[in-house]
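Structural features, examined
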Amino acid sequence: MKIIARFLDRARRSNARVVLPDGLDAAVLTAARRLLDERIARPILLGTPADVAEAAARAGLPLDGLQVIDPAVSPQVEAYTAAYVRRRTVEENVARRLVRKPLVYGGMMLAQGDADVLVGGALHATATVIQAAAVTVGCAPGIQTASSFFLMVLPSSDGRTDQPLIYADCAVNVQPTAEQLADIALATEATAARLLDEPPRVALLSFSTVGSGPHPDAEKVRRALALVRQRRPAACIDGEFQADAALCPRVALKKLKRASGVAGAANVLVFPDLDAGNIGYKLTQYLAGAQAIGPILQGFAKPVSDLSRGASADDVVAAVAICLTQLA
């Protein structure tokens, strides 16, 4: 797809180091081979050399030129342990044991400047990836809530092909509070500004449009919008909108009695909870034939991405390329 090709071209210019904690996964190994051979990035696989070699042999992949680090015996363990103790105030032996785990070791590589991006999750649950990122790199300034987004690439929309939308949060926060929803909206606006070829127009979604449904769930979205406007008054974020009012100009004209730079033209959709977000992205993927790239994590101080445990090599490469946009 054209949009992914554009991200890959940008990634090649960065020559970045990408740590891949799932070094035994066939799709990750295939992606690492492609990242190196196509000069997209410099992959670093984590795992014992013998186990990685065995997994690569099963996948029919050569390891020539690929860097493999075993966290259990790495000479960096002691330095990372000391840094972890300073960050988390835990006992040294506990920190050392954690740092020898691939996800935490990869997070410490990122935190200490020994890698530029971490992409993991092919062999780990999303919650585990998030926890590792939280204790190693932490959240970005001004953000207290880590979240996720999907880049949805629609095959056809309004007569155009490969049209991108960004959906958040579809994988992390189950029942976000108004404060968390404001964090998600602001983080996703920053994400969209990097990824899209046009300014972000962020819609906070609900079953209600600007007060049409008096209910605590809709009120939560309205409170989130108020918080967003306090924190970043110039942000192009609006709501609360039903999905049709967010996306369709004709419906927006009927339902809104006020001006909006978002209604009817949203290119970023922020869902009110994980039920709506998870269902929404999968409906778009399977009924509209959209490519769903993600979940990509956001809100962290450095670029981290989760992977679906069913991720293909193409999914891993796309996640790397999208993460690398954060380095620009």
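The notes below deal with the structure included here.

**Topic: the overall build of the protein chain**
Tallying secondary structure elements over the protein chain gives 13 helices and eleven strands in all. Relative to the globule expectation of 20 Å for 328 residues, the C-alpha radius of gyration of the protein chain, 21 Å, shows essentially globular dimensions. Its C-alpha atoms give the protein chain principal-axis dimensions of roughly 65 × 45 × 30 Å. For the protein chain, buried positions account for 52% of its 328 residues. Across the protein chain, every contact between residues at least 6 apart in sequence was considered, and the portion connecting residues at least 24 apart equals 70%. Total accessible area on the protein chain is roughly 14300 Å²; 53% of this is exposed by carbon and sulfur atoms. When the 35 positive and 32 negative side-chain charges of the protein chain are each reduced to one mean point, those points stand 5 Å apart.

**Looking at helix α7 (residues 126-136)**
Within α7, the full set of buried residues consists of Val129, Ile130, Ala132, Ala133, Val135 and Thr136. Lining the buried residues of α7 we find α4 (77-88), α6 (102-111), β10 (291-298) and β11 (304-305). Of the residues one or two after α7, Gly138 is the one with positive phi, at around 75 degrees.

**Re the packing of aromatic side chains**
One pass over the full model with this rule turns up three aromatic pairs. Relative to Tyr281, the ring of Phe150 lies with its centre 3.8 Å away and its plane at 20 degrees, an arrangement referred to as stacked. Taken together, the positions of Phe150 in strand β5 (residues 147-154) and Tyr281 in helix α12 (residues 274-287) put the pair 131 residues apart, joining distant regions of the chain. For the pair shown, Phe150 and Tyr281 are each scored as buried.

What counts, and where the lines are drawn
- Residues numbered from 1 in each chain as written.
- Predicted model: local features only at pLDDT ≥ 70, side-chain atom pairs only at ≥ 80, totals over all residues.
- Heavy atoms only, no water.
- Helix = DSSP H or I, 4+ residues; strand = E, 2+ residues; numbered from the N terminus.
- Rg over C-alpha atoms; globule rule 2.2 N^0.38 Å.
- Buried < 20%, exposed > 50% of the residue type's maximum accessible area, 1.4 Å probe, protein only.
- Contact = heavy atoms within 4.5 Å.
- Areas by Shrake-Rupley, 256 points an atom, 1.4 Å probe, with all protein chains shown as cover.
- Lys, Arg positive; Asp, Glu negative; His and termini not counted.
- Charge placed at Lys NZ, Arg CZ, Asp CG, Glu CD.
- Phe/Tyr/Trp six-rings, centres within 6.5 Å; stacked < 30°, edge-to-face > 60°.

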